[in-house]
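Understanding the architecture of this molecule
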Amino acid sequence: MPAGLAGPGQDRHAKVVLMQTACSHCGAQHILKDAQIAGHPRVQFRCSKCGQTNVVEVAGHPERTQVISPLPSFARGEGSSGPGVTFDSEYQGLALPVGKTITLSVIAGPAKGQACPLRQPRVVLGRAEADLEINDPEVSRWHCVVEVKNDVVRLRDLDSTNGTFIHGERVRAAELAHLSEFRIGSTVVLVTIPPKPL
């Protein structure tokens, strides 16, 4: 039954909330109902196809940074030889948003004060040979990447040694919003996405 429709004996005005997710093991699609997800930041379910257990983050408020689990296809790269290795289908559709400026600003750590307005929709952050070089010994050579697809800003760890963190939690991938912060090594990066001045 589609979201928002009531069945026999139910209030017509009651809205049914559904969340669609995929098994991180076999990719099978699942629908989780409001009763399963209500009030929980994470939900665990067993895949009906492969029987494996999955944990998914329940979207809260759109202005908050959301950790994505299971990992979407853009974050499932099976190792690469560096940030310059690309597959056309993986980066198809990346584009900076019209009418907004995205800036990555270092607000804590050895490179505090460094700022990088995005001029391309894919920016690699790292200690050396990166689009945004950060002089921090705890940052890997190619630590993480920020990818933009219009209004969606994604952060993906590039199998770094020390990890990428949001709110103290190590993440492989996350969607970022205006004023989101993430930490790599001892460096904290602030994302700002204000409208372009007229």
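Residues numbered from 1 in each chain as written. Predicted model: local features only at pLDDT ≥ 70, side-chain atom pairs only at ≥ 80, totals over all residues. Heavy atoms only, no water.

1. Observations regarding unusual backbone geometry
- Within the chain, Glu-129 stands out as a residue other than glycine whose phi angle is a positive 55°.
- Residue Asp-159 is not a glycine yet carries a positive backbone phi of 55°.
- With respect to the helices and strands, Asp-159 occurs in the loop between strand 11 (152-157) and strand 12 (164-166).
- Accessibility expressed as a relative area gives 52% for Asp-159, which makes it exposed. (Helix = DSSP H or I, 4+ residues; strand = E, 2+ residues; numbered from the N terminus. Buried < 20%, exposed > 50% of the residue type's maximum accessible area, 1.4 Å probe, protein only.)

2. A look at the confidence of the model for the protein
- Per-residue confidence for the protein gives a mean pLDDT of 78, with 72% of residues at or over 70.
- Counting contacts from residues 1-15, a segment whose pLDDT is below 50, to residues more than four positions away or on other chains yields 12 contacts.
- Note on residues 76-81: pLDDT is under 50 here. Beyond four places in sequence and across chains, it has four contacts. (pLDDT = per-residue confidence, 0-100. Contact = heavy atoms within 4.5 Å.)

3. Remarks on the pattern of salt bridges
- In this structure the tally under the stated criterion is four salt bridges.
- Of the charged contacts, one joins Arg-122 and Glu-147 as a salt bridge, the two residues approaching to 3.2 Å between their closest N and O atoms. Placement of the pair is Arg-122 in strand 8 (residues 122-126) and Glu-147 in strand 10 (residues 144-149), with a sequence separation of 25 residues.
- Residue Glu-147 is classed as buried on the basis of its relative accessible area of 5%. (Salt bridge = Lys/Arg side-chain N within 4 Å of Asp/Glu carboxyl O.)

4. Focus: the side chain of Ser-180
- Relative to the assigned elements, Ser-180 resides in the loop between strand 14 (173-176) and strand 15 (181-184).
- Of note is the side chain of Ser-180, whose polar atom sits 2.8 Å from the backbone nitrogen of Ala-177. (Polar contact = N/O pair within 3.5 Å; in protein donor to acceptor, adjacent residues only side chain to side chain.)

5. Brief notes about the packing of aromatic side chains
- Applying the stated criterion across every chain yields a total of zero aromatic pairs.
- One residue, Arg-183, lies across the ring of Phe-165, its end atom 4.3 Å from the ring centre. (Phe/Tyr/Trp six-rings, centres within 6.5 Å; stacked < 30°, edge-to-face > 60°. Lys NZ or Arg CZ within 6 Å of the ring centre and 35° of its normal.)

6. Remarks on the environment of Leu-132
- Here Leu-132 shows up in strand 9 (residues 132-133).
- Setting aside residues no more than four positions away along its own chain, Leu-132 makes contact with Leu-104, Gln-114, Cys-116, Val-123, Val-124, Leu-125 and Gly-126.

7. Considerations on the sheet that holds strand 16 (residues 187-192)
- If you walk across this open sheet you meet the six strands as 7-6-16-15-12-13, and the pairing is antiparallel. On the outer flanks of this sheet lie strand 7 (115-117) and strand 13 (169-171), each paired with one strand and no other. Strand-to-strand twist in this sheet, taken as the mean axis angle between neighbours without regard to direction, amounts to 30°.
- In this sheet, strand 16 lies alongside strand 15 in antiparallel orientation, the contact comprising four bridges. Opposite Ile-184, over in strand 16, you have Thr-187 as the bridge partner. (Pairing = 2+ DSSP bridges. Axes fitted to C-alpha atoms, helices over the stretch in contact; angles between N-to-C directions.)

8. Observations concerning the pairing of strand 8
- Of all five residues making up strand 8, five are buried, and the element is well covered by its neighbours.
- Burial along strand 8 is two-sided: the residues Arg-122, Val-124 and Gly-126 and Val-123 and Leu-125 are all buried.
- Where strand 8 lies against strand 10, four bridges are found, and the strand directions are antiparallel. Directly across from Leu-125, in strand 10, lies its bridge partner Cys-144.

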